[in-house]
Amino acid sequence: MTREAISTTNAPAAVGPYSQAIVVGDLVFCAGQGAIDPVTQEVRQGTVEEETERTLKNLGAVLDAAGASFADVVKTTVFLTDMDDFAAMNGVYATYFPDPPPARSTVAVKQLPKGFKVEIEAIARKP
């Protein structure tokens, strides 16, 4: 099994010992993304809608670097620090994924790195 690490400057640099994504065959395993500006590497804290938008833009950049898109995503996991933000996150999330949307789990967590309100990871299958 050959693993290819994906790295792009169009998404934030990893904040630990992990890859932005790993490609194995035609599968793309994307690390969780948060609301970090890829140019300044600074956290873009704001409303959950604003953080979800930035997070999904970062995820899109990683998918693109791996030769995939949101249409190729088969599974996501969303981490929220407050489940009361679910509807607001979902409103932005829904605009990124064409029908049929991917399978998804949404998990409430006590805290996320860098003070994020939301983090999203994905698995895609390259076309």
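Our subject is the structure listed above.
Source: prediction; values computed, not measured.

Val28, Cys30, Leu56, Leu59 and Leu63 are the most contacted members of the largest nonpolar core, which totals 27 residues. Of all elements in the fold, only β2 (21–24), β3 (27–33), α1 (48–65), β4 (73–80), α2 (86–93) and β6 (118–125) reach the threshold of two or more residues within this core. For this core, the element with the highest residue contribution is α1, accounting for six residues. Those residues in contact with Cys30, other than ones at most four positions away along the chain, are Gln20, Ala21, Leu59, Val62, Leu63, Glu121 and Ala122.

Successive residues of a regular strand alternate their side chains across the two faces of the sheet. Within β3, five of the seven residues are buried, which leaves it mostly tucked inside the rest of the structure. Bridge analysis of β2 against β3 gives four bridges, and the strand direction is antiparallel. By the bridge assignment, Val24 is partnered in β3 with Leu27. Here β2 hands over to β3 after two residues, with Gly25 in that stretch at a positive phi of 60°.

Below, the discussion takes up the pattern of salt bridges. The tally for this structure, following the rule as stated, stands at three salt bridges. Note that Arg125 is salt-bridged to Asp26, the shortest N-O span being 2.7 Å. Pair noted here: Arg125 is in strand β6 and Asp26 is in the loop between β2 and β3, with a separation of 99 residues, a long-range link. Judged by relative accessible area, Arg125 falls into the exposed class, the value being 52%. Among the residues examined, Asp26 registers a relative accessible area of 31% and is labelled partly exposed. Glu51 serves as the salt-bridge partner of Lys117, at 3.5 Å between the closest nitrogen and oxygen. One end of the pair, Lys117, is in the loop between β5 (103–108) and β6; the other, Glu51, is in helix α1, and 66 residues separate them in sequence.

Analysis parameters
Residues numbered from 1 in each chain as written. Predicted model: local features only at pLDDT ≥ 70, side-chain atom pairs only at ≥ 80, totals over all residues. Heavy atoms only, no water. Core = buried A, V, L, I, M, F, W, Y, C linked by side-chain atoms within 4.5 Å. Buried < 20%, exposed > 50% of the residue type's maximum accessible area, 1.4 Å probe, protein only. Helix = DSSP H or I, 4+ residues; strand = E, 2+ residues; numbered from the N terminus. Contact = heavy atoms within 4.5 Å. Pairing = 2+ DSSP bridges. Salt bridge = Lys/Arg side-chain N within 4 Å of Asp/Glu carboxyl O.

Scope: geometric values only; no functional claims are made or implied.
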